[in-house]
Amino acid sequence: ADLSPEEQIETRQAGYAFMAWNMGKIKANLEGEYNADQVRAAANVVAAIANSGMGALYGPGTDKNVGAVKTRAKPELFQNLEDVGKLARDLGTAANALAAAAATGEANAVKSAFADVGAACKACHQKYRAD
Ligand code: ASC
């Protein structure tokens, strides 16, 4: 299942976009009517993607735009893979906690776990993603 550099960039972006869509659903539930089933499903998706081994999608040749396929990953990301791996594990841990909180159906528990996941997303963006 070796992906070309273009395919790796597209696949990692699809993963983040799908996580973001599900994070948005959780946010909407916290701000409005709370549907515990929808939040549980969304949190499970976020946790599954966060722990899916996306580091494999940052292979050689994926550090730059490839033709029409653009990446916002900074060169620094590829020079600090140990730190990036730690940030990725932090996200996985936070996402698992979010899924566990969502499983209880308690909106208050989800609220703080959701904030922790957002902080983990942001930590990597600030260091390694260009605007
Ligand atoms: C999201 C999303 C992100 C993160 C970030 C957290 O829902 O799409 O990129 O959370 O905004 O600060």
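Residues numbered from 1 in each chain as written. Predicted model: local features only at pLDDT ≥ 70, side-chain atom pairs only at ≥ 80, totals over all residues. Heavy atoms only, no water.

(A) Broad picture of the packing of helix α2 (residues 36–50) against helix α4 (residues 81–104). Contact pair α2 / α4: the axes reach a minimum separation of 8 Å and the direction vectors enclose 160°. Here α4 runs roughly antiparallel to α2, going by the angle between their axes. Crossing of α2 against α4: the hand is left-handed. Contact with α2, carried on its side by Val39, Arg40, Ala43, Asn44, Val46, Ala47 and Ala50, involves Leu91, Gly92, Ala95, Asn96, Leu98, Ala99, Ala102 and Ala103 of α4 and no other residues of that element. In terms of residue class, the contact of α2 with α4 is built from eleven nonpolar, three polar and one charged. (Axes fitted to C-alpha atoms, helices over the stretch in contact; angles between N-to-C directions. Helix = DSSP H or I, 4+ residues; strand = E, 2+ residues; numbered from the N terminus. Parallel < 35°, antiparallel > 145°, perpendicular 65-115°, else oblique. Left-handed = near helix turned anticlockwise from the far one by under 90°. Contact = heavy atoms within 4.5 Å. Nonpolar A, V, L, I, M, F, W, Y, C, P; charged D, E, K, R; others polar.)

(B) Focus on the packing of aromatic side chains. As enumerated under the stated definition, the model contains two aromatic pairs in all. Considering the side-chain rings of Phe18 and Trp21, the 5.5 Å spacing of their centres and the 35° angle between planes classify their relative orientation as tilted. Linking Phe18 with Trp21, this pair stays in helix α1 (residues 5–31), spanning three residues, or about one helical turn. With a centroid separation of 6.1 Å and 50° between ring planes, the pair formed by Tyr58 and Phe78 is classed as tilted. One end of the pair, Tyr58, is in the loop between α2 and α3 (75–79); the other, Phe78, is in helix α3, with 20 residues separating them in the sequence. Sitting over the face of the ring of Tyr58, Arg12 holds its NZ or CZ atom 4.1 Å from the ring centroid. (Phe/Tyr/Trp six-rings, centres within 6.5 Å; stacked < 30°, edge-to-face > 60°. Lys NZ or Arg CZ within 6 Å of the ring centre and 35° of its normal.)

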